[in-house]
Structures are given as structure tokens and as C-alpha cells.
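The chain contents come next:
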Amino acid sequence: MGKHKIDATKWVDRYSDYLYNYTIVRVNDHEVAQDLISETFFAGLKSAANFKGEASERTWLISILKRKIIDHYRKKNSKKGKAEIRMQYNDTDSEGDWLEERVIDPFDKTAEDDMENTELGMAIHECLDGINEKQAAIFKLKTIENFDTEAICNEYNITPSNLWVIIHRARTAMAKCLEKNWLK
């Protein structure tokens, strides 16, 4: 198999929207998402010689990004473990230890949490039903089903800029609806 050439000069134009959408739903923080994408592009540049062409550039970049996201959470969770501080105390009535800061276990879900998640899901679907049909359809494709920008633009005969305007309007409408109907 011959050496495959990549064109890193076009990565931002071609893949940044897709990588951002992939990342933001996983980290839920705009700045962290941007940082992870920058790290992905940098790592891609550093390992460009290793690109074998067995997958598309986008798929290759996504595989790098996945590792960056995993590393982000590993780093974040390792810091959480260090936040737990036990203090010994003695007073006239009792003695023992006191946990100053407890790290929340993400797997410690209660029936109340499950019910709240179910209610949120129902509220999201109700809000989607209440917004403009085209906005809702595009919002679902892009945000929930993670479709490629180009595919959505081709299907709806719109430009990428128009797509982002539609997504923004749908998010704004969804936020207002959820604030009104779910965050009572």
C-alpha cells in the first residue's frame, strides 16, 4: 500500500463543524470542546506520517478526538479523587473522622434521577413538537442523530451557514420551551 497524503490545510474548513458537534455533546463545554479539537488537529499534524489511508481523514481525526476526550475525562476524574480530604477530629463528646469534600459517584443513580431523566426526555420531545417543523427535523438530525453537516445541507438544499442559523434558532426555542415547561 502506497503512502497516503493528507491535506491538513483544509481540516478546519472541512471537519471543524463535525468535530465540534461530536465533541460538544460529549463534554458540554464550549471552551473544552474547542481545546480538544485543537489538540486533535495538532496530534493529527504530528502523526500525519502514520496516516495509512485505511479510513477517511475525518474518520482518522475522529479516532484521535475520541482518545483526546477519553484523556480529558481521565484527567478530570483523577483530579476529583484528590479532592477528597479526611480530617481527624476530637472533641469532648466524640471523636472520629469527617469527610470534608465528597466526590459524587456518577453511577450512584436513584429512582428519582431516572424519573427526572425520563421527564426531561419527554419535555424535550414535547418542545421539539412545538417548534418549526423544519427546525425540529434539522435539529434532530444534527444534534441528536449526529448527521454530517454536508449531508443535511444536501438533503434540505441549504448552506452550512443557513444550517447553523436554523440550529441556533431551534436551540433558542428549545431552551425557552424547556425553561417554561420543565424548569418550573
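Residues numbered from 1 in each chain as written. Predicted model: local features only at pLDDT ≥ 70, side-chain atom pairs only at ≥ 80, totals over all residues. Heavy atoms only, no water.

Engineer: Got a minute to help me understand the overall build of the chain in this structure?
Structural biologist: If you tally the helices and strands in the chain, you get 7 helices and 2 strands. In the chain, the succession of helices and strands from N to C terminus is α-α-α-β-β-α-α-α-α. The contacts in the chain between residues at least 6 apart in sequence include a share of 57% that link residues at least 24 apart. As displayed, the chain offers around 13,300 Å² of accessible surface, 50% of which is attributable to carbon and sulfur atoms. (Helix = DSSP H or I, 4+ residues; strand = E, 2+ residues; numbered from the N terminus. Contact = heavy atoms within 4.5 Å. Areas by Shrake-Rupley, 256 points an atom, 1.4 Å probe, with all protein chains shown as cover.)

Engineer: How should I be thinking about the confidence of the model for the chain in this particular structure?
Structural biologist: Note: predicted coordinates in regions of low pLDDT should not be interpreted at a detailed level. Averaged over every residue, the pLDDT of the chain is 78; residues scoring 70 or more account for 74%. Summarising per-element confidence for the chain, the mean pLDDT is lowest in strand 1 (residues 86-90) (45) and highest in helix 2 (residues 30-46) (91). For the stretch residues 82-91, pLDDT sits under 50, and the model shows 22 contacts to residues farther than four places along the chain or on other chains. (pLDDT = per-residue confidence, 0-100.)

Engineer: When you look at the packing of aromatic side chains in this model, what are you seeing that I'm missing?
Structural biologist: To describe a pair of aromatic rings, one takes the distance between the centres and the angle between the planes. In this structure the tally under the stated criterion is 3 aromatic pairs. Arranged with centres 5.9 Å apart and planes meeting at 25°, the rings of Trp 11 and Phe 41 form a pair that is stacked. With Trp 11 in helix 1 (residues 11-27) and Phe 41 in helix 2, this pair connects stretches of sequence that are 30 residues apart. Phe 41 shares its class with Trp 11; the two are buried. A cation over a ring is seen here: Arg 26 above Tyr 22, with NZ or CZ 3.5 Å from the ring centre. Stacked on the ring of Tyr 18, the Lys or Arg Arg 58 has its end atom at 3.9 Å from the ring centre. (Phe/Tyr/Trp six-rings, centres within 6.5 Å; stacked < 30°, edge-to-face > 60°. Buried < 20%, exposed > 50% of the residue type's maximum accessible area, 1.4 Å probe, protein only. Lys NZ or Arg CZ within 6 Å of the ring centre and 35° of its normal.)

Engineer: Help me understand a negative patch on the surface, please; the structure alone is not making it clear to me.
Structural biologist: A cluster of acidic side chains, namely Asp 29, Glu 31, Asp 35 and Glu 39, defines a negative patch on the protein surface. Residue placement: Glu 39 occurs in helix 2. (Patch = residues over 30% accessible without salt bridge, like charges linked within 9 Å, V, L, I, M, F, W, Y side chains within 5 Å. Salt bridge = Lys/Arg side-chain N within 4 Å of Asp/Glu carboxyl O. Lys, Arg positive; Asp, Glu negative; His and termini not counted. Charge placed at Lys NZ, Arg CZ, Asp CG, Glu CD.)

Engineer: Mind showing me how you'd approach the state of the cysteines here?
Structural biologist: Cysteine pairs can be linked by a disulfide, which is a covalent bond between their two sulfur atoms. Taken as a whole, this structure holds 1 disulfide when the rule is applied. Across a sulfur-sulfur distance of 2.0 Å, Cys 127 and Cys 177 are joined as a disulfide pair. Between Cys 127 and Cys 177, the disulfide has an S-S torsion of -85° and is therefore left-handed. Remark: Cys 177 occurs in helix 7 (residues 160-181) and Cys 127 occurs in helix 4 (residues 111-130); sequence separation between them is 50 residues. By the burial criterion, Cys 127 is buried, and Cys 177 matches it. (Disulfide = S-S within 2.5 Å.)

Engineer: Explain the side chain of Glu 57 here, please?
Structural biologist: Tracing the sequence through the fold places Glu 57 in helix 3 (residues 57-82). Of the side chains with opposite charge, Arg 14 comes closest to the buried, unpaired Glu 57, at an N-O distance of 4.1 Å. One polar contact links Glu 57 to Tyr 15, side chain to side chain, over a distance of 3.2 Å. In this structure, Glu 57 is in contact with Lys 5, Ile 6, Asp 7, Trp 11, Arg 14, Tyr 15 and Phe 51, ignoring residues within four places of it in sequence. (Polar contact = N/O pair within 3.5 Å; in protein donor to acceptor, adjacent residues only side chain to side chain.)

Engineer: Even after reading the chapter, I still don't get helix 6 (residues 149-156), so can you show me in this structure?
Structural biologist: Every α-helix winds through 3.6 residues per turn, so residues three or four apart in the chain are directed the same way. Three or more residues of helix 6 are buried, namely Thr 149, Ile 152 and Cys 153. In a view along the axis of helix 6, the buried residues occupy a sector of 100°, so they form one face of it. Summarising the geometry of helix 6, the exposed residues directed more than 90 degrees from the buried face are Glu 150, Asn 154 and Glu 155. In this structure, the buried side of helix 6 is in contact with helix 1, helix 5 (133-144) and helix 7. Immediately beyond the C-terminal end of helix 6, within one or two residues, lies Asn 157, with a positive phi of roughly 55°. (Arc of directions from axis to C-beta.)

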